[in-house]
Amino acid sequence: MANKLRLGVDVGGTNTYGVIASAKHPTTPDITRGIQQAIKDVLDQVPNSTDIQSVSIGTTHFVNALVERDPARLDRVAVIRLCGPFSHGTPPCVGFPLDLRALLQGPYFLIDGSEISSVDPCEIESACKEIANSNVRAVVVSSVFAPIDSAIKQEEHVASIVRTALSHVDVVCSKDVAHLGLLERENAAILNASLLRYAKMTVAGFQRATRSLNLKCPIFITSNDGMLLSCAQASQLPVRTFSSGPTNSMRGAAFLAALGSDVAKQSALVVDIGGTTTDIGMLLPTGFPRQAAAHHELCGVLLNLPMPHVTSIGLGGGSLVRQSPCTGNIVVGPDSVGHRITSEALVFNGSTLTATDIAVAAGRASIGDPSLVENISPSTIDGAQKTIKAMLQNTLDIMKTSAADIPIYLVGGGSILAPDELEGVSRVHRLPHYDVANAVGAAVAQISGVVDSFEDTSSMSVSEVRKIVEARAIERAISAGADPQRVTIIESEAIPIAYTSGRCRFYVKAAGEWDGISAQVHSDACDSEDESVIRPSPPGTGFPDVPCHPLPIPSELDISSYVPNVQDNQWFLSEIDLEWISDGCYVLGCGGGGSPLHTFLELREMVRNGSIIRVVDLAFLSPDAMVGYGGGMGSPEVSSERLLRKEYDEACAELWNFVGITKPEALCALEIGGGNGMINLIVAASKNYDIPVVDGDFMLHQITPNVFDESGKGLNFLPSVISSGDGNIMIMTRAKRDTDADAALRAACVEMGTDVGLASKPLKAKDLQMSMISNTVSLSWRIGRAIALARKQSNIGQVGRIIVDAVGGSRSAKVLFSGKIADVRRRLYKGHTIGEVVITALAYENDDSSEAIEKFTGSLVVPFKNENLYAEHTSADGQTTIQAVVPDLICILDAQNGSALGTQEYKYGLRVVVIGITAAPQWTGTARGMAIGGPAAFGFHEVPYVPLGVYTQPKSVIEEYGHRD
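Below or above, wherever it landed, is the structure these notes cover.

Observations regarding unusual backbone geometry
Most peptide bonds are trans, and most residues other than glycine sit at a negative phi.
(1) Moving on: Between Gly333 and the following residue, Pro334, the backbone shows a cis peptide bond with an omega angle of 0°.
(2) Moving on: Looking along the chain, the bond that leaves Val886 and enters Pro887 is cis, with omega of 10°.
(3) Moving on: Within the secondary structure, Pro887 is located in the loop between β40 (880-885) and β41 (889-894).
(4) Moving on: The backbone phi angle of Asp568 is positive, close to 50°, even though this residue is not glycine.
(5) Moving on: Residue placement: Asp568 occurs in the loop between β23 (565-567) and β24 (570-572).

A few points about the packing of aromatic side chains
(1) Moving on: This structure, assessed with the given rule, holds 10 aromatic pairs.
(2) Moving on: Ring plane angle 90° and centroid distance 6.0 Å describe the contact between Trp571 and Trp781, whose orientation is recorded as edge-to-face. Of this pair, Trp571 sits in strand β24 while Trp781 sits in helix α24 (residues 776-792); the two residues are 210 residues apart in sequence, bridging distant segments of the chain.
(3) Moving on: A relative accessible area of 0% means that Trp571 is categorised as buried.
(4) Moving on: Classification of Trp781 as buried rests on a relative accessible area of 0%.
(5) Moving on: Where Phe817 meets Phe856, the ring centres are 5.4 Å apart and the plane angle is 45°; that geometry is what we call tilted. With Phe817 in strand β35 (residues 813-829) and Phe856 in the loop between β36 (832-840) and β37 (859-865), this pair connects stretches of sequence that are 39 residues apart. We note that Phe817, like Phe856, is buried.
(6) Moving on: Put simply, the rings of Tyr562, Trp571, Trp580, Trp781 and Tyr961 touch in pairs and so form one group of aromatic residues.

Focus: the sheet that holds strand β11 (residues 268-273)
(1) Moving on: If you trace the five strands from one edge of the open sheet to the other, you get β15-β12-β11-β18-β19, paired in mixed fashion. Here the strands that pair on one side only, and so sit at the sheet edges, are β15 (310-313) and β19 (425-430). Each neighbouring strand pair of the sheet contributes to a mean axis angle of 20°, computed without reference to strand direction.
(2) Moving on: Looking at chain direction, β11 and strand β12 (residues 278-283) are connected through six bridges and run antiparallel. What sits directly across from Asp272, in β12, is Asp279.
(3) Moving on: Sheet strands in contact with helix α12 (residues 378-399) are β11, β12, β15, β18 (406-411) and β19, and its direction is about 35° off that of β12.

Procedures and definitions
- Residues numbered from 1 in each chain as written.
- Predicted model: local features only at pLDDT ≥ 70, side-chain atom pairs only at ≥ 80, totals over all residues.
- Heavy atoms only, no water.
- Helix = DSSP H or I, 4+ residues; strand = E, 2+ residues; numbered from the N terminus.
- Phe/Tyr/Trp six-rings, centres within 6.5 Å; stacked < 30°, edge-to-face > 60°.
- Buried < 20%, exposed > 50% of the residue type's maximum accessible area, 1.4 Å probe, protein only.
- Pairing = 2+ DSSP bridges.
- Axes fitted to C-alpha atoms, helices over the stretch in contact; angles between N-to-C directions.
- Contact = heavy atoms within 4.5 Å.

Fair warning: the whole summary comes from geometry, so function is off the table for now.
In structure tokens, the structure reads:
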């Protein structure tokens, strides 16, 4: 039947593939010409080109422009953020690498808008005048909670004002680019806006390439989630194409697998082996890839775009094969000859032993001249094959979503390397046309509709509301051009919101085949564009010189030799100090406390702008000096949009005025773990109250610190003040019990927006001498430095041991376990996330990279209530042992990079390291400490407290570095 063929093209780093019939063509420097040639090669095999219904292209054009930091393809971007009093400390581009920030950052404006307060058009018009004088070609409009603003539509309103005032600029609304999470969504919008000029030029080039071949059909660009973008959409949203390559491979594998009558729709792992790397992703029964975590990095920038969850390893057809001088084992990769394989591999008369040579020598493939590899020793062939098998098995194990065996689909030209049997794999499927699966995926991409919103569940059940949201997603897919008869729901998730009842977040995606006739899809705004219209940036409007910061990313030598700035018994914090303290605070949060990332970014920006932040030992203060404390309280979902603002400052000012002081002599961390370990550094900085922060913490339990006088009587922490940051402040002066104060303040927190700053009654320094845990800022710094050193030395496999050494050695800390998360169970109860994580040991068979990793057997269960509560080990023969229990600290780290994991980040398949750290005697050696921080306080009356080790007081950074010349 005519008009039913779809042509798929995928641009790779080495080859450009085209399919209806198969064709491969080398990727040229002019990628558009490479696409044109690949399409021509396919058309030569098609009787009638009018039978082609559409052309779908997967491209790396746009992500490569960012990776290469190419100023010819990137534009500076102005940002108008509608945020009211919130997020002023974390301006646009605050988290970008300095070189990319220098390329992209234009003027920005923090406008008093969101229905915290309405938009003032005069403010927007004033911003437009400044933008007009800055030679900026693109503007981003971002607003707090924009993705769920379907009534006021502030971003759209402001965008219309900007378009009227600046008709020559491109305007991007953040809600059109990404989802909830203000900073990450704004980052994605900035990257997108910086590419718009180049995107229009590139898409126009694609259109000219197809027209030159007399193709009259629509042209699509494939997106990160396996969906089709029209040329108009791709030219406006190039950021949505960044990960289309791995997605196309997985979608193509699903299609090719369905061609086999014995393969039903099922979950499977797709293994795409190329010339240099192997990409492994989970294919869901829907035929779409499993998505990555909500937040992920690209080019050093934190984003929340839909991306496939893909793990890559250095294994490909061009991978080098040699013997390890340390272990004698055969090592494969990660270095590779890449596209030079046809001249350097042995089978092509080269001199380099590659993985392809091993496959040919083993009889697994017939490539090149097999006689040239006849002299490879059997031990080398056997060792290399065992190494390849182990590399694949270990990575597959990480990516699996359950302990059950799972099938895999092999695609990519290097799939000849994979064995026919793998542990944990039910069946290895070698698919037809495996070498062009990526182009097949482009050809079969679909149309989608997405809804990401907060909904009222007070009058209907979650399941009833979910059905309504799913219907809305289906309607969006149909409106975008999907066939109404073939649309299905491929993702549907209901996410409870901490501290909140009667509200739930829903994320739903519907998808279906293109109907072939949709007017919306046919409307290509780029059709009239060509390079004569889309001109490069005018001469003289290049990127301005941006002063380099004196604190570059430290090298391994910098880390080991770095000396903090301590003068007159005061520690003046640098960017490096802040980064290490941030990493350490998240580790000490033991899964709770929230990520310190946004706090760190604000502090780093303050230091870059000249603020001074000081830390002192408690002994630096006079006995009667007043020490304040406090921090944040509330829901992570809210704080991800309403970034740090002045709510804690306001709570402090209100409290200090109430108790009759101008300011205390110092501040102290409410708790060292998580974001609250750093928030006092902001208030104490020279640009605010210019007071030091004490090197210690108040040992928080909920909002009731474990601080008491010599008789054992707990000290009174009321009055306390909470502030919402937008005008609501509440003072609590009395309560019958600590628990009453906790319950009342949490209830008020919900009514005040579910995210508040909390300040409590300042205490005298002499009252803290017995009870405050000293030197915990120093401790977090030492943990962060240990992680940084492990990363720079490529010794991340020993990160657990390195941290143990940093916190006092094996007498006071231990690596409890390492393995893979096999199960996570969680629920929301009275504002707290409770559940447990199950970790199973990994098998390290012939994996040379794992030689340094301490090995464990059995499994470990860690229950959590916001933070981790105890660690119970089960041996292979079923014997159970409690290895650590609160109040000792139980920290779970990502074994791939050493970063701490919050309980909300626990998910199946993550490889982790579990560390136990002995708690201070103020917790373990007192009745009050055990009453509010021991296992019984969390409902585990049957779990006895057994000390993990002997407490070692952290060494003060000020003492260590304060007396150096």
